[in-house]
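Reading the structure
Each chain is listed here by its residues.
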Amino acid sequence: MSNEIPSLQDARRAFDVAILKVLMKGYVPEYGRCEAAFNLRAFSSLDLPRDLVTAVLRDLRDKGLCTFERGLMSEDGGMGGSGYMLTAKGIEAYFEMSGAPRPRTLMDVCQCS
């Protein structure tokens, strides 16, 4: 067992993968794209500081891996605020960085999360 501290690059990759994994819950394999945007509350399960989550999301947005959407609607048709959604480039980056198997159906996505 190694007592080495992970490199900054390794830590950064772990944060990126964790954030992308949450965003992947909106992935619809049958459409080949994400169909849902997530606000910051969606990332609370990661137990990361809100400032860190925001910084990682903004960096992922700047790299073209996700977009920031405004004026979202809730499932009930009410105002849902704003949130982040994966792009096609973000979907591919998630599979490449995480090594996770590519789901074939929406049920596969639901079982992964």
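The structure under discussion appears in the preceding block.
Described in the following lines is the structure provided in the data block. Bear in mind the structure is a predicted one, so any value in this text is a computation, not a measurement. (Residues numbered from 1 in each chain as written. Predicted model: local features only at pLDDT ≥ 70, side-chain atom pairs only at ≥ 80, totals over all residues. Heavy atoms only, no water.)

Considering the overall build of the protein
Helix and strand counts for the protein come out as four helices and four strands. Scanning the protein from its N terminus toward the C terminus, one meets helices and strands in the order α-β-β-α-β-β-α-α. Expected size for 113 residues packed as a compact globule is a radius of gyration near 13 Å; at 15 Å, the protein falls within 12% of this value. Based on the C-alpha atoms only, the size of the protein along its principal axes is roughly 50 × 35 × 25 Å. When burial is assessed residue by residue, the protein has 30% of its 113 residues classed as buried. Sequence-distant contacts in the protein: of pairs separated by 6 or more residues, those separated by 24 or more amount to 56%. Roughly 7600 Å² of accessible area belongs to the protein as shown, and the carbon and sulfur atoms make up 52% of that amount. (Helix = DSSP H or I, 4+ residues; strand = E, 2+ residues; numbered from the N terminus. Rg over C-alpha atoms; globule rule 2.2 N^0.38 Å. Buried < 20%, exposed > 50% of the residue type's maximum accessible area, 1.4 Å probe, protein only. Contact = heavy atoms within 4.5 Å. Areas by Shrake-Rupley, 256 points an atom, 1.4 Å probe, with all protein chains shown as cover.)

Quick look at the packing of aromatic side chains
Counting across every chain of the model gives three aromatic pairs. A connected cluster of aromatic rings, assembled from ring pairs, spans Tyr27, Tyr94 and Phe95. (Phe/Tyr/Trp six-rings, centres within 6.5 Å; stacked < 30°, edge-to-face > 60°.)

Considering the pairing of strand β4 (residues 79-86)
The sheet contact formed by strand β3 (residues 66-73) and β4 spans six bridges and is antiparallel. Paired with phenylalanine 68 across the strands is tyrosine 84, a residue of β4. In this antiparallel pair of consecutive strands, β3 and β4, the connection spans five residues, and glycine 77 shows a positive phi of 90°. (Pairing = 2+ DSSP bridges.)

Focus: the nonpolar core
The biggest cluster of nonpolar side chains holds 23 residues, and the ones touching the most others in it are Ile19, Leu23 and Phe43. Mapped by element, the contributors of at least two residues to this core are α1 (8-23), α2 (50-62), β4 and α3 (88-98). If we skip the residues at most four places from it in the chain, leucine 23 touches Cys34, Phe38, Phe43, Leu57, Cys66, Tyr84, Met85 and Leu86. (Core = buried A, V, L, I, M, F, W, Y, C linked by side-chain atoms within 4.5 Å.)

Examining the packing of α1 against α3
In the contact formed by α1 and α3, the axes pass within 10 Å of each other and the chain directions differ by 125°. Classified by the angle their axes make, α1 and α3 are oblique. Our pair here, α1 against α3, has a crossing hand that is left-handed. Packed against α1, whose contacting residues are Arg13, Asp16, Val17, Leu20 and Lys21, the element α3 presents Gly90, Tyr94, Glu96, Met97 and Ser98 at the interface. Counted by class, the contact of α1 with α3 contains four nonpolar, two polar and four charged residues. (Axes fitted to C-alpha atoms, helices over the stretch in contact; angles between N-to-C directions. Parallel < 35°, antiparallel > 145°, perpendicular 65-115°, else oblique. Left-handed = near helix turned anticlockwise from the far one by under 90°. Nonpolar A, V, L, I, M, F, W, Y, C, P; charged D, E, K, R; others polar.)

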